[in-house]
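Structure assessment
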Amino acid sequence: MKKLTIPGKISVLIVILFLATLWLFPMWRIDLRAPQYPGGLSMQIWLNDVKGDVDIINGLNHYIGMKMIHKNDFPEFVYLPAVMLIFMGLGIVVLLLKRKLFYYIWASTFMVIAIYSFYDFYKWEYNYGHNLDPHAPIQVPGMSYQPPLFGYKKLLNFEVLSQPDIAGWFYMGVGVLLVSITIYEWKKQLK
């Protein structure tokens, strides 16, 4: 079994450092602007919490029939920190074993976690934006209020921007780094 190169070993440490930002900064943010809120509203999604103007957003969501956003409604806030800690711990094991195969498995595991994370977030947004209370005070036939997974969308008189926050950019950087180093390691192995 081929040994992991120095760039591979360094990347493991960088990945662990990048993932540590998940506990220090928000992962994602959803910003809303409307004439009645010229300063805008913002919701930050952390690894284990949701913060920002959540109470105001919940008040607005009530009128269009969206469910209230509560931290306790998201099991992801319990299992995602555990998954990330286990993944970081496995990185240390990969570093100690110094084998390319284990690095490939570790990198592939992250890609599965990342893809599932984005799918889960999309599903959360879809459910909140489509499963509306039929007795809501404001009803627009055929209208759903799903914010974009990534990017800009106009919802009634609100402009909505959904994008990674600081830890989210580091999280995406982990994916780019792991894919890049996996390709590098694979090419080195073929020589």
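On a predicted model such as this, the values are computed, not experimentally measured, just so you know. Residue numbers here run from 1 along each chain, matching the order of that chain's written sequence. Owing to the predicted nature of the model, reporting of local features is limited to residues with pLDDT of at least 70; listing and counting of side-chain atom pairs is limited to 80 or more, with chain, interface and lining totals taken over all residues. Side-chain numbers come from the whole structure's heavy atoms, not from hydrogens or water.

This part covers the overall build of the protein. Helix and strand definitions follow DSSP, with helices as H or I runs of at least four residues and strands as E runs of at least two, each counted in order from the N terminus. From N to C terminus, the protein includes 5 helices and 5 strands. Starting at the N terminus, the α and β elements of the protein follow one another as α-β-β-β-α-α-α-β-β-α. Three exposure classes are used, based on accessible area relative to the maximum for each residue type with a 1.4 Å probe and protein chains only: buried under 20%, partly exposed in between, and exposed over 50%. Residues counted as buried form 41% of the 191 residues belonging to the protein. Contacts were defined at the residue level, with two residues in contact if any of their heavy atoms lie within 4.5 Å. For the protein, restricting intrachain contacts to residue pairs at least 6 apart in sequence, the fraction spanning at least 24 positions comes to 66%. Note that accessible areas follow from Shrake-Rupley with a 1.4 Å probe, and for residues the cover is restricted to the protein chains shown. Entry remark: accessible area of the protein is about 10700 Å², with carbon and sulfur atoms responsible for 69%. In this count, Lys and Arg are taken as positive residues and Asp and Glu as negative ones, while His and the chain termini are left out. By convention, the point assigned to a charge is CZ for Arg, NZ for Lys, CD for Glu and CG for Asp. The protein carries 17 positive and 12 negative side-chain charges, and their two centres are separated by 20 Å.

Our focus in this paragraph is unusual backbone geometry. Backbone geometry places lysine 98, a non-glycine residue, at a positive phi of 55 degrees. Tracing the backbone shows lysine 98 in the loop between helix 3 (76-97) and helix 4 (100-130). If you check the backbone angles, leucine 156 has positive phi at about 55 degrees while not being a glycine. Of note, leucine 156 is situated in the loop between strand 4 (151-155) and strand 5 (158-164). By relative accessible area, leucine 156 is classed as partly exposed at 39%.

Here we come to the packing of helix 1 (residues 6-20) against helix 4. At their nearest, the axes of helix 1 and helix 4 sit 12 Å apart, and the two run at 30 degrees to each other. Here helix 1 lies roughly parallel to helix 4, going by the angle between them. Considering only the axes of helix 1 and helix 4, their crossing is left-handed. For the pair helix 1 and helix 4, the contacting residues are Gly8, Ser11, Val12, Val15 and Leu19 in the first and Tyr103, Trp106 and Phe110 in the second. Broken down by class, the residue content of the contact of helix 1 with helix 4 amounts to 6 nonpolar, 2 polar and no charged. For helices, the axis comes from a line fit to the C-alpha atoms of the stretch in contact; other axes are also lines fit to C-alpha atoms, and the angle between any two N-to-C directions lies between 0 and 180 degrees. Oblique is the label for any angle not covered by the other classes, which are roughly parallel (under 35 degrees), roughly antiparallel (over 145) and roughly perpendicular (65 to 115). Each crossing is labelled by how the near helix is turned from the far one, with a counterclockwise turn of less than a right angle marking it left-handed and a clockwise turn marking it right-handed. Any residue outside Ala, Val, Leu, Ile, Met, Phe, Trp, Tyr, Cys, Pro, Asp, Glu, Lys and Arg is labelled polar, Gly included; the first ten of those are nonpolar and the last four are charged.

Once that is clear, we can look at the side chain of aspartate 165. You can see aspartate 165 is positioned in the loop between strand 5 and helix 5 (166-190). Exposure remark for aspartate 165: the relative accessible area of 10% places this residue in the buried category. If near-sequence neighbours (up to four positions away) are discounted, aspartate 165 is found in contact with Pro26, Met27, Trp28, Arg29 and Gln44.

Attention now goes to helix 1. Given 3.6 residues to a turn, an α-helix orients residues that are three or four positions apart in the same direction. Between its first and last C-alpha atoms helix 1 spans 22 Å; for 15 residues at 1.5 Å apiece the expected length is 21 Å, and the two agree. Within the sequence span of helix 1, burial applies to Gly8, Ser11, Val12, Val15, Ile16 and Leu19. On an axial view of helix 1, the arc spanned by its buried residues comes to 135 degrees, and they lie on one face. For helix 1, the exposed residues set more than 90 degrees away from the buried face come down to Ile6 and Leu17. Looking at the buried positions of helix 1, the neighbouring elements they touch are helix 3, helix 4 and helix 5. How far a helix is expected to stretch is found by multiplying one less than its residue total by 1.5 Å. Note that the arc is computed from the directions linking the helix axis to the C-beta atoms.

Let us now look at the nonpolar core. Only buried Ala, Val, Leu, Ile, Met, Phe, Trp, Tyr and Cys residues count toward a nonpolar core, and they belong to the same one when joined by side-chain atoms within 4.5 Å. Membership of the largest hydrophobic core comes to 26 residues, with the highest contact counts inside it found for Leu19, Tyr103 and Leu178. Where this core is concerned, the elements lending two or more residues are helix 1, helix 3, helix 4 and helix 5. Considering each element in turn, this core owes the most residues, 7 residues, to helix 4. The contacts of leucine 19, once residues within four sequence positions are left out, are Met84, Phe87, Met88, Phe110, Tyr171 and Val174. Formed by 22 residues, the second largest nonpolar core is a distinct cluster that contains Ile30, Leu32, Ala34 and Met43.

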